[in-house]
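# Chains, contacts and geometry: an overview
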Amino acid sequence: MPLGERGGWERSESRYCGVETDFSDDVPSLLSFHISTGGFDYVLAPLMNPSYRPSLVEGNGSDTQVLPVSGSDLVLAPSQWSSHVVGKISSWIDLDSEDEVLRMDSETTLKQEIAWATHLSLQACLLPTPKGTSCANYARCVNQILQGLTNLQLWLRIPLAKSDGDSMDATSEGLNDSWEQWNLFRLLCEHDSKLSVALDVMSTLPSETSLGRWMGESVRAAIISTDSFLTNARGYPCLSKRHQKLIAGFFDHAVQVVVSGNPVHNLPKAPDSNSEGTQRHPLRSYLDYVAYLFQKMESLPEQERIELGYRDFLQAPLQPLMDNLEAQTYETFERDSAKYIQYQRAVAKALVDRVPDEKAAELTTVLMVVGAGRGPLVRASLQAAEETDRKLKVYAVEKNPNAVVTLHNLVKMEGWEGIVTIISCDMRFWNAPEQADILVSELLGSFGDNELSPECLDGAQRFLKPDGISIPSSYTSFIQPVTASKLYNDVKAHKDLAHFETPYVVKLHSVARLAPSQSVFTFTHPNLSTKANNQRYKKLRFNLPSDAGSALVHGFAGYFDSVLYKDVHLGIEPTTATPNMFSWFPIFFPLRKPVEVHPDSPLEVHFWRCCGSSKVWYEWSVSSPTPSPMHNTNGRSYWVGL
C-alpha cells in the first residue's frame, strides 16, 4: 500500500516502496508474503535462478532447453507482473571480464533476462553495478538493448559512495566517485535517455554538495540496506539526520525507496500476530519508518500544487512585443499579488520623493504605465497614490487592442474616468501630450531583458522628464551551470539543432545547481548611455565547490533581479528571489554537448546579447574545460518585432 497521502504528493511516484528479495520460483507466494502481508508495493526480485550459466547447459544436444526463470508468466495476471514486480538482472554477470566464458555467459544471460522481462510486461529492470573500471562492453550491450525497448525502463545500480578523500567507501576498483562510474556508463550509451539510476544508499554519505549532483540526474530508486539504519531509544530502526534529509529530497524528486537486506534490529516483543497466527513481516518496521518519513513531508503550498504540471516542462518564452497575449495569460499574471505589492511599494516611495508633504494637495504627478495590459499596474499605482495621499494623473498605454477593451471597462467600473487616460498604441511610437514624472512598466522576462524591455523603454524614454523616475530603474540577468538530465533529454528528443539553440522557460525542479549564479547583463533606466544599441558580451568563470566531485553541465539556468525603486526589489535570482511570486519561471539555455567539469578546473562561459535591425538574439558557448559549439538563436523568430 502507498506510504501515505499528503497534500500535493498523491501523484508522486515516491509514495511507492519496494523490497529487494532473493530468487524464488514461487512468485505468487513471494508477492503474497511481501505485499499482502508485508505491506510493500512491489518486489525487486531476480528473474533467473542465480546458479544458471548458459555455458553449462549448452552443447547437451537439446535445442529446447527451458530457462530457469522464476515461473511461468501465467502464475500472475499481466497487471500484477507490471505493477508488483521489478526485475533484478543476475548480479554475477560481468560483460567486461577477461574470462571469455564468463563474458559470453554474461551477455547471453543479460539478453535472455531482458527478453523475459519484456515478455512479462514489466515496467523496469535493475541492472547490476559495473565491475571494475572498464564497462565498455557492458554499455555496448545495454545500448543495443535500449534501442529495441519501448516500455521497459532500465535502472543501473550505482553505490552512493563517498567522493572525498577521508574514510572512502569501496566502489569499483580504481573509481573513488560513484558518479564517475554512472557518467562513464551513460556517455558510452548513445540511447542514455532511456537509462536511469538506482542508488545504493550506504551507512556513510558523501558531502552535501556531492549529494546535490544526483538531484539533476535521472534517479528512479534509492535502495536502502537495513545495515544503514540506526536504532532509536525504543529499539526500532531509524535513520541519521543526514539520511533523513536525503530521503526527503528523493521523495521530492519522485524517487522510490527500496528496502534491502535482512532485519538487523531485535525489536521489542509485541502482539504482532493476528488472529490467524500470521507473523508480522520481518522488514515491516523498516517500511513503517520510511512511511513515517514520507508522511512527515510538508504538504505542498497551493501555488506549488498548481505548478506541479509545469515542473521541468519546456516552454517557449513569451513575445508580448510581437504577439498579443490571451486573456488566460493575463489572468495568470494578475493573480500574482506579491509582484503588485512590490510595484505599489515602489510607486508609493517614488510619489513621496517626487512630492513633499506640504505640496501634496496642490501638485499632481503624471504617471505613465507603458504596457498596461488589463490594468493591474494602473490599480497598484492608484492604490499607492491613495496610500500616500498624493494626486495622480495616469496614462495607460497598451498596444493590444483586446486588452484595451478590458481597460476601458475597468476604468468605467472603478470610476477612474477623470484620472486615467487610455492610449491604444505601441509605446515606442506614441507622441505623448506631456512628459511623465514616473514611468512604470512590466516588461521584464525570465532573463530580465529577453522580452525586449531595454528596447521598449529606450523608445518610451523620450516622454520622461529629465529628472523623471523609471520603475523599474534597473535589472540584471544571472546564469548558473546546472545538471538537468531530464531537460537535456527532452531537448535531445527533438533530434534537431534548432531546439538546442532555443532558450526555454522552465519551472526548474529536477536540476542540480552546480555553482552560485553570476550576473550577466545589467540595464538601467532612464538609459543615459551613449551606446548605439543594447548589444552586450560577458565572459564568466564558475568554480565547483572543492567537495562537490565532478559533474555534467547540461546547460545554464537564467534568472533576473530588478531594482524597482531604491530598496524595492523584484526578481527570481535564487538568493534574492521575491517570496511567493510566480509570474516568472527561470530560463534554460541548453548545451548541444554536455560538458564534464571538475572542482579543480573552472568552467569558462561566454554570453552575447546581439541586436539586429528587427530582432534581438542570444549566443552562448563554453571555452573551458572543454570547448562547446557556438549556440545561436539568430535565424529563428525569438524576440522579434523591433
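In this report, we go over the structure that sits alongside the text. As the structure is a computational prediction, the values presented were derived from the model and not from experiment.

The strand order β13-β12-β11-β14-β15 describes an open sheet built from five strands, whose pairing is parallel. In this open sheet, the two strands that pair with only one neighbour each are β13 (420–424) and β15 (464–471). Averaged over all adjacent pairs, the angle separating strand axes in this sheet is 25°, with direction ignored. Where strand β11 (residues 364–370) lies against strand β14 (residues 436–441), four bridges are found, and the strand directions are parallel. Residue Met368 lies in a different strand from β14, and its bridge partner there is Leu439. Taken strand by strand, helix α14 (residues 401–414) contacts β12 (391–398) and β13, and its axis lies near 165° from that of β13.

We now examine helix α8 (residues 241–252). Here α8 contains 12 residues, and its C-alpha end-to-end distance of 17 Å stays within 8% of the 16 Å for a straight helix at 1.5 Å per residue. Where α8 is concerned, the buried positions are His243, Gln244, Leu246, Ile247, Gly249, Phe250 and Phe251. Buried positions along α8 lie against β5 (153–160), β6 (195–201), α7 (208–212), β7 (219–225), β10 (256–260) and α9 (284–296).

Now for the packing of aromatic side chains. Going through the model one piece at a time under the given rule, you end up with 20 aromatic pairs. Relative to Phe500, the ring of Tyr488 lies with its centre 5.6 Å away and its plane at 45°, an arrangement referred to as tilted. Of this pair, Tyr488 sits in helix α16 (residues 485–492) while Phe500 sits in helix α17 (residues 497–500), and the two are 12 residues apart along the sequence. The pair formed by Tyr488 and Phe500 is uniform in burial state, with each residue classed as buried. Members of the aromatic cluster, each reached through a chain of ring pairs, are Phe447, Phe556, Phe589, Phe607, Tyr618 and Trp620. In this structure, Arg53 is placed above the aromatic ring of Trp92, and the distance from its NZ or CZ to the ring centre is 3.8 Å.

What counts as what
Residues numbered from 1 in each chain as written. Predicted model: local features only at pLDDT ≥ 70, side-chain atom pairs only at ≥ 80, totals over all residues. Heavy atoms only, no water. Pairing = 2+ DSSP bridges. Helix = DSSP H or I, 4+ residues; strand = E, 2+ residues; numbered from the N terminus. Axes fitted to C-alpha atoms, helices over the stretch in contact; angles between N-to-C directions. Contact = heavy atoms within 4.5 Å. Expected span 1.5 Å × (residues − 1). Buried < 20%, exposed > 50% of the residue type's maximum accessible area, 1.4 Å probe, protein only. Phe/Tyr/Trp six-rings, centres within 6.5 Å; stacked < 30°, edge-to-face > 60°. Lys NZ or Arg CZ within 6 Å of the ring centre and 35° of its normal.

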